[in-house]
Amino acid sequence: MKRAVEFYSEGFMLKGDVYIPDSLGPGEKRAAILLCHGYTGVKDLYLPDNAMTLNEAGYVAMTFDYKGWGESEGPRSRLAPYSRALDVQAAMTLLSLQPQVDSESIGLYGTSYGGATVAWVGAVDPRAKCVVSVVGIGNGARWMSRVRRMDEWFDLLERSKGDRERRVRTGESELVDRSQILLPDRQSAELAAAARRNNPAAVNTIPLEYVDDTVGFNPEWVVDKISPRPILFITTDNDRLVPPEESEQLYAHAKEPKKLVVLKGYGHYEVYQEPAFSEVMAATLEWYQQYLPARQGSPDRKSTEARV
């Protein structure tokens, strides 16, 4: 069952959906997973499949639109990574208030840039009891430079400097085609375009300020603070949009308990479709079931609490 919800972050109304498992009994509370989408994603793109898979495993799940995206209020189409972190924290509060949710058993799941967001939030908010970061980003400058030729990278930095000065003078950022900043490989461009084609909330132009936002948000600075709570990183060995080095570096900076899973033969957007999707969710569910069982009072949960 899916239920629409509304909540506020920094004074703006955000829209979300809470997914309730059919197996939930009267008065029963379950662990819940908050799902966080990526760079220019929205709650109805990709994540409903994750939510339904989590429901089948017994978890409550929630998707939502960051402020200014999809159905949520706020300045449109901005990245604003630190503001997104506040959105995630507000969504965690809303999720904890749901009558079907054990407020002490909330996990985070983030994909692509959402993988960076949940690593950050997990580090600064102890309410996140278990974290999964899928094809995420650890260092914005390393990522953006890694997928470009060196002269393209310096050209982009120069454009960003000019836009920074423009924003100070005018309050506005230049809108550019999404692909000028999120530089896709051929496979990513084709798969993303196909998925976004039927979603009216998907955007094709974004502010150039994304460059400054991305360079200034590096979750590998803080990911070690998640410990002793667990974090799982999932990446693919053929990701040409967000190279596996990003998850590898996040893993290297994190402390135990941690795990890195590298799926073989898949690109970035293939994690949202079969057969890679099932592999992602199998590793995800194994991690949650070990450290954040869906049902209260399970033996796995007691042994986990004893360990951490």
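Position numbers for residues start from 1 in each chain and track the written sequence from start to end. Reporting of local features is limited, given that this is a predicted model, to residues whose pLDDT is at least 70; pairs of side-chain atoms are given and counted only at 80 or more, and all residues count toward the totals for whole chains, interfaces and linings. As a rule here, side-chain values cover all heavy atoms of the structure and leave hydrogens and water aside.

K.L.:
Outline the nonpolar core, listing residues and values.
P.N.:
Among soluble globular proteins, nonpolar side chains are generally buried collectively. To qualify as a nonpolar core, a set must consist of buried Ala, Val, Leu, Ile, Met, Phe, Trp, Tyr and Cys residues joined through side-chain atoms within 4.5 Å. Residue burial is assigned from relative accessible area. The probe radius is 1.4 Å, only protein chains are included, and a residue is buried under 20% of its type maximum, exposed over 50%, and partly exposed in between. Counting 96 residues, the largest nonpolar core has L34, M62 and F64 as its most contacted members. Any two residues having at least one pair of non-hydrogen atoms within 4.5 Å are treated as being in contact. When near neighbours in sequence (up to four residues on either side) are disregarded, L34 contacts M62, F64, V88, A91, M92, L95, G107, L108 and Y109.

K.L.:
Run through the packing of aromatic side chains, naming residues and quoting values.
P.N.:
Only Phe, Tyr and Trp rings take part, Trp by its six-membered ring, and two of them pair if their centres are within 6.5 Å. Stacked means planes under 30 degrees apart, edge-to-face means over 60, and tilted covers everything else. The full count for this structure, using the stated rule, is 15 aromatic pairs. Between Y46 and Y269 the ring centres are 6.3 Å apart and the planes differ by 45°, which places this aromatic pair in the tilted class. Here Y46, found in the loop between β3 (30–36) and α1 (47–56), pairs with Y269, found in the loop between β10 (258–263) and α10 (276–291); they are 223 residues apart in sequence, far enough to count as distant. In this structure Y269 comes out as buried when scored by relative accessible area, which is 10%. With 4.7 Å between their ring centres and 55° between their planes, W287 and Y291 make a pair best called tilted. Runs of H or I in DSSP of at least four residues are treated as helices and runs of E of at least two as strands, each being numbered from the N terminus.

K.L.:
Describe in detail the pattern of salt bridges, supporting the description with residues and values.
P.N.:
We define a salt bridge as a contact between a side-chain nitrogen of Lys or Arg and a carboxyl oxygen of Asp or Glu at a distance within 4 Å. Inspection of the entire model under this criterion finds 21 salt bridges. Here D44 makes a salt bridge to K43, at a shortest N to O gap of 3.3 Å. Residue R127 is joined to D125 by a salt bridge in which the shortest nitrogen-to-oxygen separation is 2.8 Å. Its relative accessible area of 32% is what places R127 among the partly exposed residues.

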